[in-house]
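Overview (structure and organization)
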Amino acid sequence: MKLSKIAVFTSGGDSPGMNAALRAVVRAARYYQLEVEGIYRGYEGMIDDDFIPLDERSVARIVDKGGTIIKSARSEAFRTKEGRKQAYNNLQKHKIDALIGIGGDGTFTGLHVFNKEFGIPVIGIPGTIDNDIFGSDYTIGFDTASNTAIQAIDRIRDTATSHNRLFLIEVMGRDAGFIALRCAIASGAKAVMLPEKHTEPEALLAKIKLGAQKRKSSNIVIVSEGNKNGNAQELAQQLQLMDDSFDIKVTVLGHVQRGGPPSAYDRLLASRLGVGSIEALKAGKSDVMVGVLNEKMVFTPLEKAIKENHRISDEMMKLIEILSI
């Protein structure tokens, strides 16, 4: 594989640690004497020829910054053959030998299709707060988003306890409940509502009432935004119709979970995966995602990373059941 110049981009929803991954990619590339081009706004910038040369100094002092300095965007044009051909022409114009994308399912789907159509070597780095990518124990941004949510939940518990209220706290997770489950366990919540496990509102209400009988000073329920009963506000309305004796408050944490400096864990994970992506290319690997399983670097075919599900563990589900009594 000819390898003298690579391009790197971030795509999809931003996550804390993307900058740390970008820094690691660029510095690892420069360590191995490779040239680097950054692509602004992901696939959209690839089509619009929005490239910028990067070197070790270009990525100084960003390891602690949230978001992504090369921006992120979703691209409808890249879903078309014409759009992908234009993107490929721009890569050829800049003499790019390989492509590294930092993002989630959508990013990896684009990389996989691009590789099949044009043969350019590609590597994916999992950057998403949802932690829903198969092939890595954790994705970049998940730890930070969880910590941000837990800090907010801890503060809400103070007022929940003071007023003996029931709080439904909605966290991000349209298709995966990893943030919700981790927050529920770490914050001592009474229950958690997940996309992966359907819980009837009647069963949730029974659990809340049991807590009230045991004189629990507060009841907090963590609601993943994609749970089967609707969002936290809709769930609150359902519970209120069944029993209006509870003072129910709803808090939606929303995009606050995406922002802020990445945690130490996310900075380390991003650094490992960034360096690993360059070393994978040097070893002749392509069309794979670099991840960490059981603290070991692994390479999962992009097609498998896209199609397989990263499942919630039964052990974690049992934990919330035991600890919430």
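The structure this text deals with has already been given above.
Summary of the structure given here.

Thresholds, definitions, all that
Here, residues in each chain are numbered from 1, in the same order as that chain's written sequence. Local features in a predicted model are, by the rule used here, given only for residues with pLDDT of at least 70; side-chain atom pairs are given and counted only at 80 or more, and totals for whole chains, interfaces and linings are based on all residues. As a convention, hydrogens and water are excluded, and side-chain values are obtained from all of the structure's heavy atoms. Only Phe, Tyr and Trp rings take part, Trp by its six-membered ring, and two of them pair if their centres are within 6.5 Å. Stacked means planes under 30 degrees apart, edge-to-face means over 60, and tilted covers everything else. Helical segments are the DSSP runs of H or I of at least four residues, strand segments are the runs of E of at least two, and each set is numbered from the N terminus. Accessible area is worked out with a 1.4 Å probe on protein chains only. A residue is then buried under 20% of its type maximum, exposed over 50%, and partly exposed in between. Any carboxyl oxygen of Asp or Glu that lies within 4 Å of a side-chain nitrogen of Lys or Arg is treated as forming a salt bridge with it. In this scheme, strands are said to pair when DSSP sees at least two bridges between them. What counts as an axis is a line fitted to C-alpha atoms, over the stretch in contact for a helix, and the angles between N-to-C directions run from 0 to 180 degrees. Any two residues whose heavy atoms approach within 4.5 Å at even a single point are treated as in contact. A clockwise turn of the near helix away from the far one marks a right-handed crossing, whereas an anticlockwise turn of less than a right angle marks a left-handed crossing.

Re the packing of aromatic side chains
- For the coordinates displayed, the defined rule picks out 9 aromatic pairs.
- Here Tyr-43 and Phe-78 contribute two aromatic rings whose centre-to-centre distance is 3.9 Å and whose plane-to-plane angle is 20°, an arrangement assigned as stacked. On the criterion of sequence distance, the pair formed by Tyr-43 in helix α2 (residues 42–48) and Phe-78 in the loop between β3 (51–54) and α3 (81–93) is long-range, its members being 35 residues apart.
- You can call Tyr-43 buried: its relative accessible area is 5%.

Things to note about the pattern of salt bridges
- For the coordinates displayed, the defined rule picks out 16 salt bridges.
- Asp-49 is the salt-bridge partner of Lys-93, the closest N and O atoms lying 2.5 Å from each other. Taken together, the residues Lys-93 in helix α3 and Asp-49 in the loop between α2 and β3 connect sequence positions 44 residues apart.
- Judged by its relative accessible area of 54%, Lys-93 is exposed.
- In this structure, Asp-175 engages Arg-174 in a salt bridge whose closest nitrogen and oxygen atoms are separated by 3.6 Å.
- Asp-175 sits in the exposed class, given a relative accessible area of 55%.

Re the sheet that holds strand β9 (residues 248–252)
- Strands sit in the order β7-β8-β6-β9 across an open sheet of 4 strands; the sheet is parallel. Among the strands making up the open sheet, the edge pair consists of β7 (191–193) and β9. Across the sheet, the axes of successive neighbouring strands diverge by a mean angle of 20°, strand direction being ignored.
- The pairing of strand β6 (residues 166–171) with β9 spans 5 bridges and is parallel. The partner of Glu-170 across the bridge, within β9, is Val-252.
- Sitting on the sheet, helix α6 (residues 178–187) touches β6, β7 and β8 (219–224), and the angle it makes with β8 is about 165°.

Comments concerning the sheet that holds β3
- On the basis of which strands lie adjacent, the open sheet formed by 7 strands has the order β3-β2-β1-β4-β5-β10-β11 and mixed pairing. Unpaired on one side and paired on the other, β3 and β11 (296–301) mark the two borders of the sheet. Across this sheet, the average inter-strand angle for adjacent strands is 30°, counted without regard to direction.
- The sheet contact formed by strand β1 (residues 5–10) and strand β2 (residues 35–39) spans 5 bridges and is parallel. Paired with Ile-6 across the bridge in β2 is Val-36.

Section: the packing of α6 against helix α11 (residues 314–323)
- One can describe the packing of α6 onto α11 by two numbers: an axis separation of 10 Å at closest approach and a directional angle of 35°. Helix-helix and strand crossings are classified by hand; for α6 and α11 the assignment is left-handed. Taking contact as the criterion, the partners of Leu-181, Ala-184 and Ile-185 in α6 are, on α11, Met-316, Met-317, Leu-319, Ile-320 and Leu-323.

Shape descriptors only; they carry no functional weight alone.
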